[in-house]
2 protein chains.
Amino acid sequence: MLSAVKLAREIEAGGTSVEAIYETCAAAIAEREETISAFTHLALDEARKTAENSHGPLFGLPLGVKDNLDTADMPAAYGSPIYEGHTPAADAAVVALARRLGAGIIGKTVTTEFAFFEPGPTRNPWNPLHTPGGSSSGSAAGIAAGFFPLSLGTQTGGSVVRPAAFCGIAGFKPTYGRLPREGLKVFSWSLDTIGVFGKGVEDAAFGAATLTGRNWRVDGTSPGAPHIAVVHTHLWKEASGEMRQAVETAARLAEKAGAKVSTVDLPGIFSDAFAAHQVIQDHEAALALGFEFDRHAASLSQVLRETLAAGREILPEDYDSAQETAREARRSLGDLFGEFDVILTPSAPGAAPNGLGSTGSSIFNRIWTLMGVPCINVPGLMSANALPLGVQLVGAYGQDRKTLLAAHWLEGLLKKHG
Amino acid sequence: MLSAVKLAREIEAGGTSVEAIYETCAAAIAEREETISAFTHLALDEARKTAENSHGPLFGLPLGVKDNLDTADMPAAYGSPIYEGHTPAADAAVVALARRLGAGIIGKTVTTEFAFFEPGPTRNPWNPLHTPGGSSSGSAAGIAAGFFPLSLGTQTGGSVVRPAAFCGIAGFKPTYGRLPREGLKVFSWSLDTIGVFGKGVEDAAFGAATLTGRNWRVDGTSPGAPHIAVVHTHLWKEASGEMRQAVETAARLAEKAGAKVSTVDLPGIFSDAFAAHQVIQDHEAALALGFEFDRHAASLSQVLRETLAAGREILPEDYDSAQETAREARRSLGDLFGEFDVILTPSAPGAAPNGLGSTGSSIFNRIWTLMGVPCINVPGLMSANALPLGVQLVGAYGQDRKTLLAAHWLEGLLKKHG
């Protein structure tokens, strides 16, 4: 895997060159892309060429862009046959931003169909018989396979944190709205959030910090021990034994390293909010993908077609009430965060499931996406079958830096332990 | 002008036909479009043809669509030479919705450049030497000219309420987010709100109710007198003598008809929020239009280029602080609305200014857009130079029906008075 922070430093110090970085990526891609299928479109040469004429803090760094984000010079199919051969008229705002900051767009990466459930062909670099997770499958797998040091994904349920967990990398979903969303093929406007993948926490933080212009970088910092709340959620019984153990291990290591660790039960409003997530998502998706449903229903997967049909039946008053539940849960969460710095909770029910038929479950992610709060997968632990086992840190709304610092700190412990 | 409610009723009763409605529109367009320039693209025949094969509550009704909303079968230039000849891959969500409900898209209507300040060629149907207002210039002028009975616009500052005022029609901006925004060329995601134009309040309400599936229709209702707060805002001195008089006239008529009318001073946070509107808008526009600024700066108007350049200099912390000011003002406004049903305030500083060089000022609209609350221009009063003089009603967040009922009630009084 390539560390974005390390590469950026080496470029600045003259220790490596754009040419050398692209050669490393090209070699990894040549060796493994046939197995991994991270890309829908590869633009190695174009990215290298534009990189040579660009400058900025992301200078020389190849960036993978999930194929639900528009690029003016590459096809964008959004994981759907409906958009096969479609080339957008403009770059997505976050893509324009990345280019301006010096990044080269190395290619578009595989997304599930419209970032929902129907999987693409991508395989898990740790074991190609397993899913890499989704919906940001290619952006996560490509980091783990060493194809690029940074990539962009999006999360509506668990589409950044889960694939990061399955691929053993850092996947950071900032506070809702911190990265601009124009040019994203929207699934659910109240939920869709752009996130950043990197090898480790400092890499994802570096990418997100640079793109947002915020002081989120954690490389070179030595943060103090945070106050951690272990949160099981009402879904704890859905977590595998290994995952429960992973959360306990992380908590124990943190405590030993000086963190105050408490176990916190979420109030009942959070299981209501879990249900509200689906009402909001499905109602909005039915509207956002109205054209595709009305004109191209036969080209939609069955799961999406049924979801959109059901979403269309959701009454405005039930949607409003789901939004009110979400607001109430946000207020409650805000109050809870008075007592601790970050929440420690599973990134997924377990390690990456076997097979490519599903990208796994987002049940441990949805509520945090709905809350709009920063979440990050902290890599470092492994399952018995040699797959990454990720734990998640969740921060308070707008406390992205504090969340990243805690994740950086915890990652150090997990690495030493691993 | 064509009343959408009347036409829908007549179609249902067999009193008119799709053919007859389109003939009426076609005749008005043939007579006046050369002067008015409401359309960027006219699709009379296609709309009529698809209308004959459709059904639903908007069956037979021609709909004008502002040219910052995508349609899969018509060009969308967003008021910018950058997008000349561009045809989107999909219908905007609200366009798909309108088609599904039976409407025919009669054409795309003139918007200012990216719905910002640089005017298009549209003229005011009441006096072609005057602006129709903007940015939804064609959608408002086309209603006033009898080109179509319903149209869609968008408001970021005052782009629905102001052109409605200048054109003497009803322009309704619902609560933020009530009409889905996918396929809108976004200028500022925290502000952009889709709105509906119609001849009168009941027509705009009918369109918005049908599109949202909410009980917002007010035709056939006899609402009671509301409790009205007259709000001058800190910009009252910017209103013309005629406009101040119009607000006073509306207040006096309402009081005589049984309304409780009080004059309410807004707390100081609202002038801070007025300033915050621009910080939020410009910061977001610089991100949303990053591609256009980076790649096509020479094709942008000077005013937009300068605004985007300035927007790029706004620091994230100043943006965050502007958003915090907005949240605080929203809470304060929510509290104020405990004391009354609707706010009565100018729709614009006065009647439509002379000339086409500017679409007028949005200073009396921006704060309400930022608050995300429903606003509507109530037509009926006239200026000394025979131009419409609109007053605005503003409701509480989510109280769209109550706002529309009050507007329907007030419109009845203004009509009788006029």
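Residues numbered from 1 in each chain as written. Chains lettered and ligands numbered in written order. Predicted model: local features only at pLDDT ≥ 70, side-chain atom pairs only at ≥ 80, totals over all residues.

A.B. asks: Account for the overall build of chain A, with residues named and values stated.
C.D. replies: Along the backbone of chain A there are 14 helices and eleven strands. For 418 residues, the compact-globule estimate of 2.2 N^0.38 gives 22 Å, and the C-alpha radius of gyration of chain A, at 20 Å, lies within 12% of that figure. Structurally, chain A occupies a C-alpha span of about 55 × 55 × 40 Å along its principal axes. Sorting the 418 residues of chain A into buried and exposed places 62% on the buried side. Sequence-distant contacts, at least 24 apart, represent 77% of the contacts inside chain A between residues at least 6 apart. (Helix = DSSP H or I, 4+ residues; strand = E, 2+ residues; numbered from the N terminus. Rg over C-alpha atoms; globule rule 2.2 N^0.38 Å. Buried ≥ 20, exposed ≤ 12 C-beta atoms within 10 Å, placed from the backbone. Contact = placed C-beta atoms within 7 Å.)

A.B. asks: How would you summarise the sheet that holds strand S3 (residues 104-109) of chain B if you had to cite specific residues and measurements?
C.D. replies: All names here are of chain B. Here eleven strands make up an open sheet; going across it, the order is S1-S3-S2-S4-S6-S5-S10-S11-S9-S7-S8 and the pairing mixed. Of all strands in the sheet, those bounded by a partner on one side alone are strand S1 (39-42) and strand S8 (260-263). Between one strand axis and the next, the sheet turns through 30° on average, direction left out of account. Relative to strand S11 (residues 388-395), strand S9 (residues 342-346) is paired through five bridges, and the arrangement is antiparallel. (Pairing = 2+ DSSP bridges. Axes fitted to C-alpha atoms, helices over the stretch in contact; angles between N-to-C directions.)

A.B. asks: Go over the environment of Arg-178 of chain B with me, naming the residues and quoting the values.
C.D. replies: Residue and element names in this part refer to chain B. Looking at where Arg-178 falls in the secondary structure, it is placed in the loop between strand S5 (170-173) and strand S6 (193-198). Separated by 168 residues in the primary sequence, Arg-178 and Pro-346 place their C-alpha atoms 24 Å from one another. Arg-178 has contacts with Thr-212 and Asp-400, leaving out every residue within four places of it along the chain.

A.B. asks: Talk me through unusual backbone geometry; I want residue IDs and the actual numbers.
C.D. replies: Along the chain, Gly-134 of chain A connects to Ser-135 of chain A via a cis peptide bond; the corresponding omega equals 5°. The residue Ser-135 of chain A is located in the loop between strand S3 (104-109) and helix H5 (137-144) in this model. The phi angle at Phe-114 of chain B is positive, at roughly 50°, despite the residue not being glycine. Within the secondary structure, Phe-114 of chain B sits in the loop between S3 and helix H5 (137-144). On the neighbour-count criterion, Phe-114 of chain B (26 C-beta atoms within 10 Å) is buried. Notably, Ala-386 of chain B is not glycine yet its phi reads approximately 65°, a positive angle. By the element assignment, Ala-386 of chain B lies in the loop between strand S10 (375-382) and S11.

A.B. asks: Outline helix H12 (residues 316-336) of chain A, listing residues and values.
C.D. replies: Residue and element names in this part refer to chain A. In this model H12 runs 30 Å from its N-terminal to its C-terminal C-alpha over 21 residues, within 8% of the 30 Å that 1.5 Å per residue would give. Those residues of H12 that sit buried are Tyr-319, Ala-322, Thr-325, Ala-326, Ala-329 and Leu-333. End-on view of H12: buried residues confined to an arc of 115°, all on one side of the axis. For H12, the exposed residues lying more than 90 degrees away from the buried face are Glu-317, Glu-324, Arg-327, Arg-331 and Asp-335. On its buried face, H12 is in contact with helix H9 (269-288) and helix H13 (366-371). (Expected span 1.5 Å × (residues − 1). Arc of directions from axis to C-beta.)

A.B. asks: Mind laying out the pairing of strand S5 (residues 170-173) of chain A, listing which residues take part and the relevant values?
C.D. replies: All names here are of chain A. Of the two faces of S5, the one carrying Ala-170 and Phe-172 and the one carrying Gly-171 and Lys-173 are both buried. One ladder, built from three bridges, connects S5 with strand S6 (residues 193-198); its direction is antiparallel. The residue bridging Phe-172 from the neighbouring strand is Val-196, located in S6. Pairing analysis gives three bridges linking S5 to strand S10 (residues 375-382), with the strands arranged antiparallel.

A.B. asks: Can you lay out the nonpolar core for me, pointing to particular residues and giving the numbers?
C.D. replies: Core analysis: the biggest nonpolar cluster contains 288 residues, and Val-94 of chain A together with Val-94 of chain B have the highest contact counts within it. Not counting chain neighbours up to four residues away, the residues in contact with Val-94 of chain A comprise Leu-69, Leu-152, Leu-179, Pro-180, Ile-194 and Leu-211 of chain A. (Core = buried A, V, L, I, M, F, W, Y, C linked by C-beta atoms within 7 Å.)

A.B. asks: Let's hear about the sheet that holds strand S4 (residues 150-155) of chain A: which residues, and what values?
C.D. replies: Residue and element names in this part refer to chain A. Across the sheet, which stays open at both edges, the eleven strands sit in the order S1-S3-S2-S4-S6-S5-S10-S11-S9-S7-S8 with mixed pairing between neighbours. Where the open sheet ends on each side, the last strands, each with one partner, are strand S1 (39-42) and strand S8 (260-264). If you compare each strand with its neighbour and ignore which way they point, the axes differ by 30° on average.

A.B. asks: Tell me about the relation of the copies chain A and chain B, and please be specific about residues and values.
C.D. replies: With an RMSD of 0.0 Å, the operation that places chain A on chain B is a rotation of 180° combined with a shift of 0.0 Å along the axis. Here the symmetry operator amounts to a two-fold rotation axis. If distances are taken from each C-alpha of chain A to the rotation axis, the shortest is found for Pro-88 of chain A, at 4.2 Å. (Least-squares fit on C-alpha atoms with pLDDT ≥ 70 in both.)

A.B. asks: Summarise helix H9 (residues 269-288) of chain B; cite the residues concerned and give the values.
C.D. replies: The first and last C-alpha atoms of H9 of chain B sit 27 Å apart over 20 residues, in line with the 28 Å expected at 1.5 Å per residue. Among the 20 residues in H9 of chain B, 14 count as buried, and that is most of the element.

A.B. asks: Please give an account of the packing of helix H2 (residues 18-36) of chain A against helix H3 (residues 44-52) of chain A that cites residues and values.
C.D. replies: Residues and elements named next belong to chain A. Packing of H2 against H3 leaves a shortest axis separation of 10 Å and a crossing angle of 165°. Between H2 and H3, the interaxial angle falls into the category roughly antiparallel. As H2 runs across H3, the sense of the crossing is right-handed. The segment H2 lies against H3, with Val-18, Tyr-22 and Ala-26 engaging Leu-44, Arg-48, Ala-51 and Glu-52. The residue makeup of the contact of H2 with H3, split by class, is five nonpolar, no polar and two charged. (Parallel < 35°, antiparallel > 145°, perpendicular 65-115°, else oblique. Left-handed = near helix turned anticlockwise from the far one by under 90°. Nonpolar A, V, L, I, M, F, W, Y, C, P; charged D, E, K, R; others polar.)

A.B. asks: Run through the interface of chain A and chain B, naming residues and quoting values.
C.D. replies: At the junction of the two partners, chain A supplies 24 residues and chain B supplies 24 residues. Secondary structure elements with two or more residues in the side of chain A that touches chain B: helix H4 (93-100), H9 and helix H10 (290-296) of chain A. The dominant element in the side of chain A that touches chain B, judged by the number of residues it contributes, is H4 of chain A, at four residues. Its residues assigned to classes, the side of chain A that touches chain B shows 14 nonpolar, four polar and six charged.

A.B. asks: Please provide a residue-by-residue account of the pairing of S8 of chain B, values included.
C.D. replies: All names here are of chain B. Sheet topology places strand S7 (residues 227-230) next to S8; four bridges connect them, and they run parallel. Bridging across to S8, Val-230 finds its partner in Thr-263. Traced from S7 through helix H8 (residues 241-256) to S8, the parallel crossover comes out right-handed. (Right-handed = clockwise from strand over helix to strand, strands pointing away.)

A.B. asks: Which residues make up the environment of Val-303 of chain B, and what values go with them?
C.D. replies: Residue and element names in this part refer to chain B. Note on placement: Val-303 falls in helix H11 (residues 302-312). For Val-303, a count of 13 C-beta atoms within 10 Å translates into the label partly exposed. Residues Val-303 and Glu-118, 185 residues apart in the sequence, show an inter-C-alpha distance of 7.3 Å. Ignoring anything within four residues of it in the chain, the contact list for Val-303 reads Phe-117 and Glu-118.

A.B. asks: Go over the environment of Leu-266 of chain A, please, and point to the residues and values.
C.D. replies: Residue and element names in this part refer to chain A. Position of Leu-266 among the secondary structure elements: in the loop between S8 and H9. On the basis of neighbour counts, which here come to 21 C-beta atoms within 10 Å, the residue Leu-266 falls in the buried class. On a C-alpha basis, the gap between Leu-266 and Val-231 in space is 7.3 Å, while along the polypeptide they are 35 residues apart. The contact partners of Leu-266, leaving out residues within four places of it in the chain, are Val-231 and Thr-233.

A.B. asks: Hey, could you go over the confidence of the model for chain A for me, with residue numbers and the actual values?
C.D. replies: Averaged over all residues, the pLDDT of chain A equals 97, while 100% of them reach at least 70. As a predicted assembly, this complex carries a pTM of 0.97 together with an ipTM value of 0.96. (pLDDT = per-residue confidence, 0-100.)

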